[in-house]
Amino acid sequence: MPCIAALVGAANRRLGSRLIVLALSTFPPALFAGGGGGYGPLPAIGSSNVSIADPTITRPSTIPCTVPLFTDFVFNDYSPHDFTYTPPVECAGPWAKVVLSFDLSVTAGIQFDRTGTVWIGGINVFFGTTAEPSPTLAPSWHVERDLTDYSAVLMNMQAGDVFIGNIVNGTYTGVIHGSASLAFYPASASDPAPATADQVLPLGSDPAGATVDLTLPTDVLSKTLTLPTNIERAYLDVFAQSQGSDEFWWSCMPDAVAAITGDCPGTAFREVELSLDGVPAGVAPVYPWVYTGGFQPLLWIPIPGLQTLNFKPYRVDLSPFAAVLSDGAAHTISLSVFNVHEHFSTTAALLLYLDAGSNQVTGSVTTNTIGSGPVPVVTSTIGSDGLGAVTVDSNRQFTLAGHVDTSHGGVDTSIEQAFAFHAVSAYASVSVTRTLWTVDLATNVDTTTTVTTSLPASTRTVHEQLAYPFSLVLPYNPQNGSLVSADFDQQFNRTITAIATGTDSGPVSTLTDRVSTHYESALANRHSEQDYEYTDSAGGCYSRDITSAANKLATVTDAVPCLIAADTIFADGFDGTN
């Protein structure tokens, strides 16, 4: 049986690729801050331009100062583009919010989807891919990121770098353009500045900023740092972008089976492992992003896959290790990708919250049950003809806990996590000219974080549930490799519950984001949909459903505007992953 990636054209030509979130603060007094934001503009009904249902970032009521980062940079080769960031004189920090706006476009023609990154002071502030054009379509789109938590980096002048590697020649003609700016919103009585990290440090080795490619399970993104001695809380924002033969990692087979089916090896399971001085210290799931060239570019016009144009990082809470990081010695933080075959582009940023009332924080790690790593269970019924099914399961639970003695008393942080992964990939022969390939994937992360303080005496708990369901149904002709049709369905689901001292319940937020898309060779039979739904117990909500037909935006359905926009609840810290 021929390799399915070769059959459908992987379109993975993002060679040499060179976003970040609010920290989980210690349960802020104001949970529901902010205003504005909400429903952003969309192309006109009937347009094939990029259409995304995600909400815009909520903006404070104060008047922002806007700082251009770069204007109409042209990306037609693999050269990095430098710029200089200068803080706004008129809007001195601390700020109520800082928002990155990035506008991109590709000229009509033939071009692959490309990876883009933006860096300020070596810190990654944007990571995503581009939309693919066609000879009759020049797509344009807008992305935003909340960079408030990186205010420490933005207080001073910094070198900047933007990289979108792109080949332009007689065959690949699409030229990419991009402009970006930062909006700084002054703090006010109604829009106070949130608690943000005192230091933000890049893990990359390139001072200008660059991703690190991991091509083997033994490869690591690693940085040795000597840190302040008064760290009270610490977090690591992690990106792991699948590339090369790992672009479709969720379709990979066990090594022996891959030799029969022609698929990528390593099984359909990937996971980022974090270590501190060689000791396991955290885990980050890998989101199954599908880029706009994935399998069939017409699947993603006009609605792209979830987060495809604007990746979201996963935040790992390192607060149980705060005392270790504060001991004055050099410490090495490392990331690796379990089962990586070739390759993942990775980057990470370390966020440190310091105890302003002391020069030295003491304490210890009290519990660490992560163990040496996952042990996936793999079963296969694949025969010599390449037909059958492979199932992969990985389940692990662990607890991390630590104590720090600070100027305001003792602080204990306990993190209980359960990671569950399940994947089934199957090939079935329907007829001589039709083979059915199906993939069903589910990643679930259940996290309970409890912080106990002595002054004042309090116990606060956040329970977060993440789910990344994913499925594809792909009939193809095994004789010539042509697609009969294609169906994708992917989701990002999150529920957060916060419980404060003396209560048995607290605020709740629920987010469901889903894209489903269907392709057939007949234009009239192509259709897709994105449904973004958010609700919270404070009365906030957001609901937008968009559909397409024949590769054109067909309908837009918005709910009645709610009391509070979608990204306001937990904006000061209950949301550990944003």
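Residues numbered from 1 in each chain as written. Predicted model: local features only at pLDDT ≥ 70, side-chain atom pairs only at ≥ 80, totals over all residues. Heavy atoms only, no water.

**Details of the overall build of the protein chain**
For the protein chain, the count of helices and strands is four helices and 29 strands. In terms of overall dimensions, the protein chain is globule-like: its C-alpha atoms have a radius of gyration of 23 Å, near the 25 Å expected for 578 residues. Counting all 578 residues of the protein chain, 56% fall into the buried class. As displayed, the protein chain has an accessible area near 20400 Å², and 57% of this comes from carbon and sulfur atoms. In the protein chain, 20 side chains carry a positive charge and 52 a negative one; their mean positions are 5 Å apart. (Helix = DSSP H or I, 4+ residues; strand = E, 2+ residues; numbered from the N terminus. Rg over C-alpha atoms; globule rule 2.2 N^0.38 Å. Buried < 20%, exposed > 50% of the residue type's maximum accessible area, 1.4 Å probe, protein only. Areas by Shrake-Rupley, 256 points an atom, 1.4 Å probe, with all protein chains shown as cover. Lys, Arg positive; Asp, Glu negative; His and termini not counted. Charge placed at Lys NZ, Arg CZ, Asp CG, Glu CD.)

**Thoughts on the sheet that holds strand β6 (residues 140-146)**
A sheet is described by the order of its strands in space; here four strands give the open sequence β1-β8-β3-β6, paired in antiparallel fashion. For this open sheet the edge positions go to β1 (65-75) and β6, each flanked by a neighbour on one side alone. Strand-to-strand twist of the sheet, defined as the mean angle between neighbouring strand axes without regard to direction, takes the value 15°. (Pairing = 2+ DSSP bridges. Axes fitted to C-alpha atoms, helices over the stretch in contact; angles between N-to-C directions.)

**Structural notes on the sheet that holds strand β7 (residues 158-164)**
Strand order in the open sheet formed by four strands is β2-β7-β4-β5, and the pairing between neighbours is antiparallel. Of all the strands in the sheet, the pair left with one neighbour each is β2 (81-85) and β5 (123-129). Ignoring which end each strand starts from, the neighbouring axes of this sheet average 15° apart. Both β2 and β7 contribute to a ladder of five bridges, which runs antiparallel. Paired with F83 across the strands is G160, a residue of β7.

**Considerations on the confidence of the model for the protein chain**
Across the protein chain, the average pLDDT comes to 90, with 90% of residues at or above 70. Contacts from residues 1-37, a stretch scored under 50 in pLDDT, to residues over four places away or in other chains number 161 contacts. pLDDT under 50 marks residues 565-578. Its contacts with residues more than four places away, or in other chains, come to 67 contacts. (pLDDT = per-residue confidence, 0-100. Contact = heavy atoms within 4.5 Å.)

**Examining the environment of G40**
Here G40 lies in the loop between α1 (4-8) and β1. With relative accessibility at 13%, the residue G40 sits in the buried group. When sequence neighbours within four positions are dropped, the list of residues in contact with G40 reads T56 and R544.

**Thoughts on the state of the cysteines**
If you walk through the whole model with that rule in mind, you get two disulfides. The disulfide that involves C65 links it to C91, with 1.8 Å between the sulfurs. Judged by the sign of its S-S torsion, about 65°, the bond between C65 and C91 is right-handed. In this pair, C65 sits in strand β1 while C91 sits in the loop between β2 and β3 (95-106), placing the two residues 26 residues apart along the sequence. For the pair C65 and C91, one class covers both residues: buried. A sulfur-sulfur distance of 1.9 Å marks the disulfide that ties C252 to C264. A torsion of -100° about the S-S bond marks the disulfide between C252 and C264 as left-handed. You can see C252 sitting in the loop between β12 (231-242) and α3 (255-261) and its partner C264 sitting in the loop between α3 and β13 (271-276), a full 12 residues away along the chain. Residue C252 shares its accessibility class with C264, and that shared class is buried. (Disulfide = S-S within 2.5 Å.)

**A closer look at the nonpolar core**
Counting residues in each nonpolar core, the largest one holds 88 residues, and the members touching the most others are L236, W250, L318, L350 and F488. Of all the elements, β12 adds the most residues to this core, at six residues. Apart from residues lying up to four places away in sequence, L350 is in contact with Q199, V200, L201, L203, L225, L227, Y235, L236, L318 and I333. In terms of nonpolar packing, the next biggest core, distinct from the first, is built from 41 residues, I120, A131, L147 and A349 among them. (Core = buried A, V, L, I, M, F, W, Y, C linked by side-chain atoms within 4.5 Å.)

**Focus: the pattern of salt bridges**
Throughout the structure, instances matching the rule amount to nine salt bridges. One salt bridge connects R59 with E144, and the closest N-O pair in it is separated by 2.8 Å. Of this pair, R59 sits in the loop between α1 and β1 while E144 sits in strand β6; the two residues are 85 residues apart in sequence, bridging distant segments of the chain. On the basis of relative accessible area, E144 is assigned to the buried category, the value being 16%. For R396, the salt bridge is made with E273, and the minimal N-O distance between the two is 3.3 Å. With R396 in strand β20 (residues 388-406) and E273 in strand β13, this pair connects stretches of sequence that are 123 residues apart. Each of the salt bridges in this network shares a partner with another, and the network as a whole consists of D149, D237 and R315. (Salt bridge = Lys/Arg side-chain N within 4 Å of Asp/Glu carboxyl O.)

**Points about the side chain of D146**
Counting through the fold element by element, D146 comes out in strand β6. Judged by relative accessible area, which is 11%, D146 ranks as buried. A polar contact is formed between the side chain of D146 and the side chain of T148, at a distance of 2.5 Å. (Polar contact = N/O pair within 3.5 Å; in protein donor to acceptor, adjacent residues only side chain to side chain.)

**Concerning unusual backbone geometry**
For the peptide bond that leads from E342 to H343, omega is -10°, which places it in the cis range. Position of H343 relative to the elements: it lies in the loop between β16 (330-338) and β17 (344-354). Each neighbour pair has its own omega, and for L455 with P456 the value is -5°, a cis peptide bond. Residues other than glycine seldom take positive phi values, yet D72 does so here, at roughly 50°. Within the secondary structure, D72 sits in strand β1. Phi is positive for Q307, which is not a glycine, with a value near 60°.

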